[in-house]
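A closer look at the structure
What follows is the residue order along each chain.
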Amino acid sequence: TRGLDALIVGAYGALGALFGYAHFVEARRPVLERVCIPIRGLRKPVRVALLGDFHVGTVGSVALARKAIRMAIAQSPDVIVCVGDLISKWQDGTEELALRAIEPLRDFQGAKLAVTGNHDFKHGDGAWLEHIYAAIGAELLQNRTVQSHGLNWVGIDSALSGRADVFGAFANLNFELPTVSIWHEPDCVEYLPSQADLMLAGHAHGGQMRLPGGFAPTHTVWGQKYVSGFYPEAEVPLYVTR
């Protein structure tokens, strides 16, 4: 029995160390990843910086978001896309923290596009983010399309919030241009129409955490099949940021 107790204590200690490393090290260490994705019909290359899942709610989360944004701007992108879950939840002080988090985007001169994630509706309404993004010159695409840099950019509201309107979002396409869909939940790629040439997503957090060998023991809803990186063989080619 004493040997079994020691084994259980050792197992709990290992799990605690693993979760501690995931939370205090990996989750606070933004990593820059580069990938080249071919899109048929695109007349010239477009450099896109994809950011997401800041879950702003504390001073620490604000600092991490600002660091990631500065890393993105340093790559001289043409377009910066924020793919949802800017905040953790709505509470006193959320608006101020969110504005501080994305303030480095104010001086970026390229296109700035955003969609909502499920956490952006927690205890509030994701539409409240519109004036926060507008303050730094970004557009919140809630089930609508804009054209920029030779592409249709189709922003769809979070599916988990119950606000996604795919048909409405695709209603104003310029059919002479390739189309990039921005949707928070990656597994929703199967619901996109054939007009989409690429989907950008987040939400899955790279599988939340990964054990040695790459195994992910937990997943988010609609972030189970596609968790990280580029999936060229998905229903629509899909890139998921961690």
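Our subject is the structure listed above.
This report concerns the structure included in the present document. (Residues numbered from 1 in each chain as written. Predicted model: local features only at pLDDT ≥ 70, side-chain atom pairs only at ≥ 80, totals over all residues. Heavy atoms only, no water.)

Structural notes on the overall build of the protein chain
Convention followed: Helical segments are the DSSP runs of H or I of at least four residues, strand segments are the runs of E of at least two, and each set is numbered from the N terminus. Using a 1.4 Å probe, the Shrake-Rupley method yields the accessible areas, and only the shown protein chains count as cover for residues.
If you tally the helices and strands in the protein chain, you get five helices and 10 strands. Summing over all exposed atoms, the protein chain offers an accessible surface of approximately 12600 Å²; the carbon and sulfur share of this is 55%.

Details of the pairing of strand E8 (residues 198-201)
Quick reminder of the rule: For every residue, the accessible area obtained with a 1.4 Å probe (protein chains only) is divided by the maximum for its type, and the residue is called buried under 20%, exposed over 50%, and partly exposed between those limits. When DSSP finds two or more bridges between a pair of strands, those strands are recorded as paired.
Side-chain alternation along E8 places Leu 198 and Leu 200 on one buried face and Met 199 and Ala 201 on a second face that is also buried. Pairing geometry for strand E7 (residues 179-183) and E8, over three bridges, is parallel. Its bridge partner being in E8, Ser 181 is matched across the sheet by Met 199.

Topic: the pairing of strand E2 (residues 79-82)
Going by this rule: For crossovers, right-handed means that the path from the first strand over the helix to the second runs clockwise, given strands pointing away from the viewer.
Alternating positions in E2 separate into two faces, Val 79 and Val 81 on one and Ile 80 and Cys 82 on the other, with burial throughout. Pairing of strand E1 (residues 48-51) with E2 involves four bridges; the strand directions are parallel. Bridge pairing links Leu 50 to Val 81 in E2. Handedness of the crossover joining E1 and E2 through helix H2 (residues 59-73): right-handed.

Some points on the sheet that holds E8
Rules: For helices, the fitted line uses only the C-alpha atoms of the stretch in contact; every axis is such a line through C-alpha atoms, and the angle between N-to-C directions lies from 0 to 180 degrees.
With mixed pairing, the six strands of this open sheet are ordered in space as E5-E6-E7-E8-E10-E9. The sheet is open, and its two edges are formed by strand E5 (144-148) and strand E9 (229-231), each paired on a single side. Strand-to-strand twist of the sheet, defined as the mean angle between neighbouring strand axes without regard to direction, takes the value 20 degrees. The sheet contact formed by strand E6 (residues 151-156) and E7 spans five bridges and is parallel. Each bridged residue has a counterpart across the sheet, and for Gly 155 the counterpart in E7 is Ile 182.

Comments concerning helix H3 (residues 94-102)
This is how it is decided: In this description, one arc is meant: the one made by directions from the helix axis to the C-beta atoms. Two residues form a contact once any of their heavy atoms are found within 4.5 Å.
All of the buried residues along H3 are Thr 94, Leu 97, Ala 98, Ala 101 and Ile 102. Looking down the long axis of H3, one finds its buried residues gathered within 120 degrees of arc, a one-sided arrangement. The inward-facing, buried residues of H3 abut H2 and helix H4 (129-134).

Details of the nonpolar core
This is how the line gets drawn: What is meant by a nonpolar core is a set of buried Ala, Val, Leu, Ile, Met, Phe, Trp, Tyr and Cys residues, joined one to another through side-chain atoms within 4.5 Å.
Counting 27 residues, the largest nonpolar core has Phe 54, Val 56, Leu 86, Ile 102, Leu 129 and Tyr 133 as its most contacted members. Only E1, H2, E2, H3 and H4 provide two or more residues apiece to this core. For this core, the element with the highest residue contribution is H2, accounting for five residues. Counting 22 residues, the second-largest nonpolar core is a separate cluster that includes Val 166, Ala 169, Ala 204 and Val 227.

Brief notes about the packing of H2 against H3
The following threshold applies: In this scheme, roughly parallel covers angles under 35 degrees and roughly antiparallel covers those over 145, while 65 to 115 is roughly perpendicular and the rest are oblique. Throughout, a crossing is termed right-handed when the near helix is turned clockwise from the far one, and left-handed when it is turned anticlockwise from it by less than a right angle. We call Asp, Glu, Lys and Arg charged. Ala, Val, Leu, Ile, Met, Phe, Trp, Tyr, Cys and Pro are nonpolar, and the rest, Gly among them, are polar.
Running from amino to carboxyl end, H2 crosses H3 at an angle of 25 degrees, the nearest separation of the two axes being 7 Å. By the angle between their directions, the pair H2 and H3 is classed as roughly parallel. Of the two elements, H2 crosses H3, and the hand of that crossing is right-handed. In this structure, H2 uses Val 62, Ala 65, Arg 66 and Ile 69 to contact H3, whose residues at the interface are Leu 97, Arg 100, Ala 101 and Ile 102. Residue composition of the contact of H2 with H3, grouped by class: six nonpolar, no polar and two charged.

Points about the sheet that holds strand E3 (residues 111-114)
Taken together, four strands build an open sheet; the order of strands is E1-E2-E3-E4 and the sheet is parallel. Only two strands of the sheet have a single neighbouring strand rather than two, namely E1 and strand E4 (139-140).

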